[in-house]
Amino acid sequence: MSLFGQVLQLLEIAERTYVGHPEATATLERIRVRMVEPLRVAIAGRVKSGKSTLLNALVGEPLAASDVGECTRFVTWYQAGGSYRAFVQRHGREAEQVRLIRRTHCVDVEPGGWADGELERIVVEWPSRRLRQMTLIDTPGLGSLSAQLGRSTEAQLLGEQDTSPADAVVYVVRHLHGSDVRFLEALHDDDVGRPFPVNSLIVVGRADEIGAGRLDAMDAAARVAERYRRDPQVRQLGSTAVAVAGLVAFGSTQLTEEHHRTILDQTRLDPDAAQMLLRSVDDVVDPAIAPGIDVARRRELLNLLGLFGMRLAERLVAEGHLSAAELATALRVHSGLDELQRVIGEQFVARAEVLKARSAMGSLKRLVGRFPPSSDTLVAGIERVEAGAHEFAELRLLLAVRGGGVRLDPTEEHEVEQLVSTIGLPAIERLGLDCGADPDLTRHELVTRIGRWRRRAETPLADPATAAAASVVARSYEGLLAES
Amino acid sequence: MQRLEEREVPTETTATAAEIASRLARLARSTARLCGRTDLIGRIERIGVGIGDPNTRILVAGEFKTGKSSLVNAVVGHDVCPTDTDAATAVATVVRAEPAPCASILVRRGGGDLEMVDVDPADLGDWVTEDGPARHGVLAHGDELVVAAVGVPTDWLAPGLLMIDLPGVGGLGSLAGAATLSAAAHAHGVVFVTDGGRPLAADEQAFLAELVRRRHHVVLVESRIDLHPAWREVLGSDREVVKTDTDGCMAVSSELLNLVGVDREEGIAALRGWLADVSKDAGRSAGLRLAVFAEQAGRAMRAPLEAELAALGEDDAPGVLDVCRAEQQRLRSAGARWSQLLSDGFADLAADSDYRMRERLREVVRDGEAQLADVDPARGWGGLASGWRRALGDVVDAHFVLVDRRVEEIARTLARLVAPDEESAAALGDELMAVALGADVGQDVAERDLALGELPRSGLGTKSLVLLRSSYSSALMIGFLGSVIGLSLAAPAVLAVGAVLGTRGLMQENTRQIDHRRQLAATALRRHTEELATALGKESRDRIRRGQRVLRDAISAELESRLRTAGDALARAERVAAASAAERASRRSAIAVELRRVDTLLAASRNVQTILAEPAR
């Protein structure tokens with residue numbers, strides 16, 4: 001049975017154990033609901049690292065306010081719903097419905113004016129295909145001007161509640177900072193009691209600013225992300241790092257024909273004027289430069305794409321004669337949004353069941369800690385699942401391999417890294433074979449590998465840790481073979 | 001004679017602060033000699049020490065990647081500091097005007113010796129960012145790059161003006177932050193650079209507040225205004241935050257100036273103007289301190305003369321005598337208590353700070369051991385060591401901040417005890433803190449002279465470089481220890497252990513080896529934390545002892561001088577009460593001469609204070 005199924009069984013046992021215990025029953029009900037709801041992905045990071053912009057880009061709609069200054073003051077959940085509704089939840093109270101207001105660049109609730117720390121969260125329901133895949137949680141910045149905002153974020157993400165709020169975290173950085181590392185370390189110090197680099201990924205946000213907005217800025221940002229991917233310390237904190245130019249990413253989802261025409265007009269300017277125009281943000285809106293193009297349109301484009309986005313769009317249109325739709329696609333690709341969505345899809349959505357099961361296990365353990373049950377059935381069940389579930393064995397293997405406790409030769413290590421970093425994904429991905437591989441060939445490959453790792457596990461010279469690791473690998477391949 | 005002296009009263013504003021101040025010091029000394037107050041002469045000299053410094057040091061500080069190096073390049077009009085989109089500046093770079101481009105680096109060899117090496121200015125990027133190829137062959141294993149210096153032909157830096165491009169500060173609590181604060185104590189001004197795309201974050205604000213609290217000249221620069229559409233709003237909100245405490249905010253775009261020669265908002269021009277002002281102003285604060293003291297000294301000399309004059313007038317001799325006796329009584333009772341307060345305060349400080357430091361270090365060790373449970377040190381060593389280094393750095397930082405604050409508290413308590421009213425207590429407290437800080441500066445200067453004894457003097461400002469280095473000494477101590485930790489475990493120990501176990505038997509269990517490595521790593525951490533505790537304990541005991549000695553001397557000199565003033569006044573009043581008419585007349589005219597001299601000094605020191613109070617702009 002899958003881990004997900006085993007956890008559902010555990011929940012049934014727990015419900016029987018806690019009959020007549022209203023508080024525990026309510027918690028269990030919440031855990032059960034969690035299991036069938038979409039995956040919850042929190043977007044966290046320091047102040048002004050571009051969390052809200054990234055959230056808007058991921059949904060493709062202007063939801064979270066992203067002005068100058070600190071705008072995200074409350075933890076805000078954006079989840080799929082049948083209609084446009086909003087709720088506020090005060091500490092220890094039932095959620096109250098409030099009026100949802102659509103503004104030009106974000107949504108807002110009325111009545112507003114809540115004091116910092118007064119609300120546990122705001123919940124916005126929004127009919128969106130993207131949100132049906134995962135609920136997105138926007139958070140106030142860590143290291144915030146108001147220390148309380150930062151603390152409420154930590155409390156939300158590091159989970160002092162009975163159910164842990166997020167299943168996975170997208171951590172946005174400008175440059176990896178001491179406090180980022182501390183937070184990520186704390187983030188991983190939960191349920192399983194040790195780091196868990198599977199459920200978090202690092203986004204180098206505002207990637208366009210790294211290279212001072214020059215056309216090659218994304219290359220520079222990609223190099224920074226690459227360096228983080230290789231850094232052993234970072235590898236223990238997040239599964240991978242992606243560079244995203246948040247503003248361009250969001251802008252690509254909102255691009256209209258009108259914007260496209262403005263860019264076309266720019267490409268028709270003489271080279272000197274074009275260069276003058278895109279020299280700085282003040283030049284873009286300077287009426288003395290390129291008087292043929294309406295300043296209001298220029299300003300709108302600047303607000304939408306930023307200076308780097310305008311430079312990039314102008315170059316793309318001038319060189320490729322792109323239409324509006326083609327330009328939107330090109331911008332999405334160049335901004336890194338496509339890559340981020342691919343990675344989120346692979347790392348989080350595809351293994352949603354494992355991540356949710358893991359969250360549920362953590363919640364169950366906290367529940368048992370708070371209200372010790374009278375019989376041992378539940379505790380024994382939790383222990384059995386934790387020790388027995390192959391998914392957990394694989395996660396432990398991942399930690400052992402990344403932490404350096406297993407002795408393997410480089411090819412073996414590469415193979416195991418591929419296997420464990422793709423926990424919860426389809427067989428093709430996990431084997432690291434080309435996607436077009438023939439099913440028979442795949443099965444043949446699996447059988448070969450199972451034999452090799454079985455032998456590796458039974459070698460008398462192997463030390464216990466390596467032998468254990470080898471049998472976990474063999475067991476994983478057997479599981480894949482059974483599925484194929 | 002007297003006319004000549006009076007002409008020295010510094011009134012004209014064309015003279016530099018240093019000239020004005022040294023003239024005032026001469027006047028104060030000669031007046032003290034005339035009034036027979038030789039005890040004041042030494043103090044005047046001690047307070048005037050900083051006046052003749054030929055260099056003006058300006059730090060360029062800020063978070064990582066806010067464009068500090070680009071800003072320096074824009075200010076001098078040359079590409080001197082390497083700017084990279086990824087690698088950040090890792091070592092402080094000193095930029096100054098020179099007729100021809102040149103560059104040199106200061107290396108601390110593994111053994112601790114300092115050496116100045118001339119390098120090609122074009123290779124500077126290799127030196128100031130991590131691990132450039134030019135380092136090979138010059139830096140051996142264990143050598144450490146202390147600081148890089150570069151000379152550039154520019155008209156924008158005044159002679160003697162040093163712009164020091166610092167590595168990024170990662171928040172107030174970080175090691176680089178502590179080092180910057182410590183370096184700022186010896187600097188004449190700080191340029192704090194922040195990204196124009198976002199308002200100052202909490203830790204940046206805290207850092208600025210700390211700079212301002214320490215009374216440094218700070219100017220805030222918003223960078224990259226070419227890139228951020230909302231820079232005006234950001235500037236507005238930052239101005240609100242820092243409005244009264246700094247020398248101002250300016251918005252700049254280094255990129256535009258460096259690429260197309262446009263100084264948008266004339267921010268760079270404004271910054272150059274500020275630099276020129278600070279440079280002209282150098283020595284101003286030292287001069288101001290001297291002027292304040294000269295005024296106090298003048299009052300101290302005037303009091304006995306006034307008392308005597310009053311007694312000579314015979315109008316209220318008993319009243320004058322009572323006032324003199326009461327003041328003498330107050331000072332005597334202060335004299336009985338201050339030394340107890342001082343030694344208690346410092347004993348508490350030493351015990352407290354040592355206890356807290358050891359407690360914090362124990363925490364680092366505990367956390368470190370917990371971390372070791374999950375990893376094989378042979379593989380995860382880089383991450384572990386850098387994490388530990390950071391944690392240990394934080395301990396050092398917190399420790400010295402604690403010591404500084406407590407010394408300040410003690411100084412202010414003592415000042416309140418000795419001074420007759422709150423206002424003069426605050427002034428005396430400031431003076432005592434300046435003296436305590438001066439003790440560390442003095443120590444650094446001594447170290448500097450020691451270190452430079454054998455060095456060839458390179459064309460660049462070697463002295464000030466080393467002065468900067470010694471302000472980093474606490475930070476470097478950690479860096480050094482950190483590399484020792486890394487060394488003893490990452491390479492020889494692990495290899496040796498592996499080799500020994502490997503030859504003894506292939507059958508040895510791998511886990512046992514990992515456990516062994518974990519033990520080694522834990523032992524290394526414990527041992528080096530212990531060494532750090534010893535080194536830090538010694539350093540801080542020295543610092544505390546130095547502070548105590550300096551404060552003791554300062555307070556006892558202050559009390560002695562006040563007591564002497566009071567006693568003098570009393571004695572004169574008593575003597576006058578018994579003197580003949582003729583004696584009184586001749587005494588009156590002698591006093592008139594002395595009083596005129598003292599009044600001249602008083603007027604001059606007040607005048608100098610007015611001239612120096614406002615920056616010359």
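Criteria and thresholds
- Residue positions within a chain follow its written sequence, with the count starting from 1.
- Going through the entries in the order they are written, you letter the chains from A and number the ligands from 1.
- With the structure being a predicted model, the display of local features is reserved for residues of pLDDT at least 70 and the display and counting of side-chain atom pairs for 80 or more, all residues being used for whole-chain, interface and lining totals.
- Side-chain measures here rest on the full set of heavy atoms in the structure, leaving out hydrogens and waters.
- Strands are runs of DSSP state E lasting at least 2 residues, helices are runs of H or I lasting at least 4, and numbering of each runs from the N terminus.
- Relative accessibility decides the category of a residue: with a 1.4 Å probe and only protein chains considered, values under 20% of the type maximum give buried, values over 50% give exposed, and everything between is partly exposed.
- The Shrake-Rupley method, run with a 1.4 Å probe sphere, supplies the accessible areas, and residue values consider only the shown protein chains as cover.
- Residue-level confidence of the predictor is what pLDDT reports, using numbers from 0 through 100.
- We call two residues contacting when some pair of their heavy atoms lies within 4.5 Å.
- Lines fitted to C-alpha atoms define the axes, with helix axes restricted to the stretch in contact, and inter-axis angles between N-to-C directions lie between 0 and 180 degrees.
- Each angle gets one of four labels, with under 35 degrees taken as roughly parallel, over 145 as roughly antiparallel, 65 to 115 as roughly perpendicular, and the rest as oblique.
- Crossings are sorted by hand: turned counterclockwise from the far helix by less than a right angle, the near helix makes the crossing left-handed, and turned clockwise it makes it right-handed.
- Under the scheme applied here, ten amino acids are nonpolar (Ala, Val, Leu, Ile, Met, Phe, Trp, Tyr, Cys and Pro), four are charged (Asp, Glu, Lys and Arg), and all others, including Gly, are polar.
- Note on pairing: DSSP must find at least two bridges between two strands before they are called paired.
- Residue types Ala, Val, Leu, Ile, Met, Phe, Trp, Tyr and Cys, when buried and joined through side-chain atoms within 4.5 Å, form a set referred to as a nonpolar core.
- The salt bridge criterion pairs a side-chain nitrogen of Lys or Arg with a carboxyl oxygen of Asp or Glu, the two atoms within 4 Å.
- Helix span is expected to be 1.5 Å times the residue number reduced by one.
- Note: the arc covers the axis-to-C-beta directions of the helix.

### Some details on the overall build of chain A
Line of reasoning, step 1. Within chain A one finds 23 helices and 10 strands.
Line of reasoning, step 2. Going through the 484 residues of chain A one by one, you find that 55% of them count as buried.
Line of reasoning, step 3. As presented, chain A carries roughly 20,400 Å² of accessible surface, and 52% of it is formed by carbon and sulfur atoms.

### Looking at the confidence of the model for chain B
Residue and element names in this part refer to chain B.
Line of reasoning, step 1. With 68% of its residues at a pLDDT of 70 or more, chain B has an overall mean of 71.
Line of reasoning, step 2. When mean pLDDT is taken per element in chain B, strand S8 (residues 218–223) scores highest with 89 and helix H15 (residues 462–471) scores lowest with 33.
Line of reasoning, step 3. Across residues 1–13, where pLDDT falls below 50, the model places 22 contacts with residues more than four positions away in sequence or in other chains.

### Looking at the packing of helix H10 (residues 246–254) of chain A against helix H15 (residues 324–335) of chain A
All names here are of chain A.
Line of reasoning, step 1. Orientation of H10 relative to H15, taken along the N-to-C sense of each, is 160°, at an axis distance of 8 Å. Relative to H15, H10 is oriented roughly antiparallel. Pair H10 / H15 crosses with left-handed handedness. In this structure, H10 uses Val248, Ala249 and Ser252 to contact H15, whose residues at the interface are Ala328, Leu331, Arg332 and Ser335.
Line of reasoning, step 2. Among the residues forming the contact of H10 with H15, the class breakdown is 4 nonpolar, 2 polar and 1 charged.

### Things to note about the side chain of Gln89 of chain A
Line of reasoning, step 1. Within the secondary structure layout, Gln89 of chain A lies in strand S3 (residues 85–90).
Line of reasoning, step 2. Those residues in contact with Gln89 of chain A that lie beyond four places of it in its chain are Ala95, Leu119, Glu120 and Arg121 of chain A.

### A few points about the sheet that holds strand S8 (residues 168–173) of chain A
Residues and elements named next belong to chain A.
Line of reasoning, step 1. Taken in spatial order, the 10 strands of this open sheet run S5-S4-S3-S6-S2-S7-S1-S8-S9-S10, and their pairing is mixed. Every interior strand has two partners, whereas the edge strands, strand S5 (107–110) and strand S10 (241–243), have only one. Between one strand and the next, the sheet's axes are offset by a mean angle of 25°, whatever the strand orientation.
Line of reasoning, step 2. In the sheet, strand S2 (residues 76–80) pairs with strand S6 (residues 119–126) via 5 bridges, with the strands oriented parallel. Across the sheet, residue Tyr78 finds its bridge partner in S6, namely Val124.
Line of reasoning, step 3. Sitting on the sheet, helix H16 (residues 337–349) is in contact with strand S1 (39–45), strand S7 (134–138), S8, strand S9 (200–204) and S10, with an inclination near 170° to S9.

### Examining the pairing of S1 of chain A
Residue and element names in this part refer to chain A.
Line of reasoning, step 1. Counting buried positions over the 7 residues of S1 gives 7, a clear majority of the element.
Line of reasoning, step 2. Neither face of S1 is open: one carries Leu39, Val41, Ile43 and Gly45, the other Arg40, Ala42 and Ala44, and all of them are buried.
Line of reasoning, step 3. Where S1 lies against S7, 5 bridges are found, and the strand directions are parallel. By the bridge assignment, Ile43 is partnered in S7 with Asp138.

### Points about the nonpolar core
Line of reasoning, step 1. The biggest cluster of nonpolar side chains holds 75 residues, and the ones touching the most others in it are Leu327 and Leu331 of chain A together with Phe192 of chain B.
Line of reasoning, step 2. Per element, the largest residue contribution to this core is 11 residues, and it comes from helix H14 (residues 295–320) of chain A.
Line of reasoning, step 3. Those residues in contact with Phe192 of chain B that lie beyond four places of it in its chain are Ala61, Gly62, Leu200, Glu204, Phe207, Leu208, Leu211, Val218, Val219, Leu220 and Val221 of chain B.

### Here we look at the packing of helix H20 (residues 410–420) of chain A against helix H23 (residues 464–483) of chain A
Residue and element names in this part refer to chain A.
Line of reasoning, step 1. Direction vectors running N to C along H20 and H23 enclose 55°, while the axes themselves pass 11 Å from each other. Accordingly, the angle class assigned to the pair H20 and H23 is oblique. Considering the relative orientation of H20 and H23, their crossing is left-handed. In this structure, H20 contributes Glu415, Val416 and Leu419 to the contact, and H23 contributes Val473, Ser476, Tyr477 and Leu480.
Line of reasoning, step 2. Here the residues of the contact of H20 with H23 sort into 5 nonpolar, 1 polar and 1 charged.

### Considerations on unusual backbone geometry
Line of reasoning, step 1. Of note, Arg206 of chain A is a non-glycine position whose phi angle comes to about 50°, a positive value.
Line of reasoning, step 2. The residue Arg206 of chain A is located in the loop between S9 and helix H7 (207–210) in this model.
Line of reasoning, step 3. The phi torsion at Arg224 of chain B lies on the positive side, around 60°, for a residue other than glycine.
Line of reasoning, step 4. Topologically, Arg224 of chain B is positioned in the loop between S8 and helix H8 (231–242).

### Considering the pairing of S8 of chain A
All names here are of chain A.
Line of reasoning, step 1. The element S8 is largely enclosed, with a buried count of 6 among its 6 residues.
Line of reasoning, step 2. Of the two faces of S8, the one lined by Ala168, Val170 and Val172 and the one lined by Val169, Tyr171 and Val173 are each fully buried.
Line of reasoning, step 3. In this structure, S1 lies alongside S8, joined through 5 bridges in parallel fashion. Bridge pairing in S8 places Gly45 opposite Val172.
Line of reasoning, step 4. Taken together, the 5 bridges between S8 and S9 define a ladder with parallel strand orientation. Looking across to S9, one finds that Val169 is bridged to Ser200.

### Some details on the environment of Arg362 of chain B
Residue and element names in this part refer to chain B.
Line of reasoning, step 1. Its location among the elements puts Arg362 in helix H12 (residues 317–372).
Line of reasoning, step 2. Judged by its relative accessible area of 43%, Arg362 falls in the partly exposed class.
Line of reasoning, step 3. Spatially, the C-alpha atoms of Arg362 and Arg526 are 8.8 Å apart, while their sequence positions differ by 164 residues.

### Examining the pattern of salt bridges
Residue and element names in this part refer to chain A.
Line of reasoning, step 1. In the structure shown here, the tally under the stated rule is 36 salt bridges over all chains.
Line of reasoning, step 2. Across the pair Arg261 and Glu258 runs a salt bridge whose closest N-O atoms are separated by 3.0 Å. Taken as a pair, Arg261 and Glu258 lie in helix H11 (residues 257–267) at a separation of 3 residues, close to a single helical turn.
Line of reasoning, step 3. In this structure Glu258 comes out as partly exposed when scored by relative accessible area, which is 32%.

### Let's talk about H15 of chain A
Structurally, the α-helix is built with 3.6 residues per turn, so residues lying three or four positions apart point the same way.
All names here are of chain A.
Line of reasoning, step 1. Taking 1.5 Å as the rise per residue, H15 with 12 residues should run 16 Å; its terminal C-alpha atoms sit 16 Å apart, in good agreement.
Line of reasoning, step 2. Of all the residues in H15, the buried ones are Ala324, Leu327, Ala328, Ala330, Leu331 and Ser335. One face of H15 carries all of its buried residues, which in axial projection span an arc of 165°.
Line of reasoning, step 3. Each element contacted by the buried residues of H15 is listed here: helix H8 (217–230), S10, H10, H11, H14 and H16.
Line of reasoning, step 4. Looking one or two residues beyond H15, the residue adopting positive phi is Gly336, at roughly 90°.

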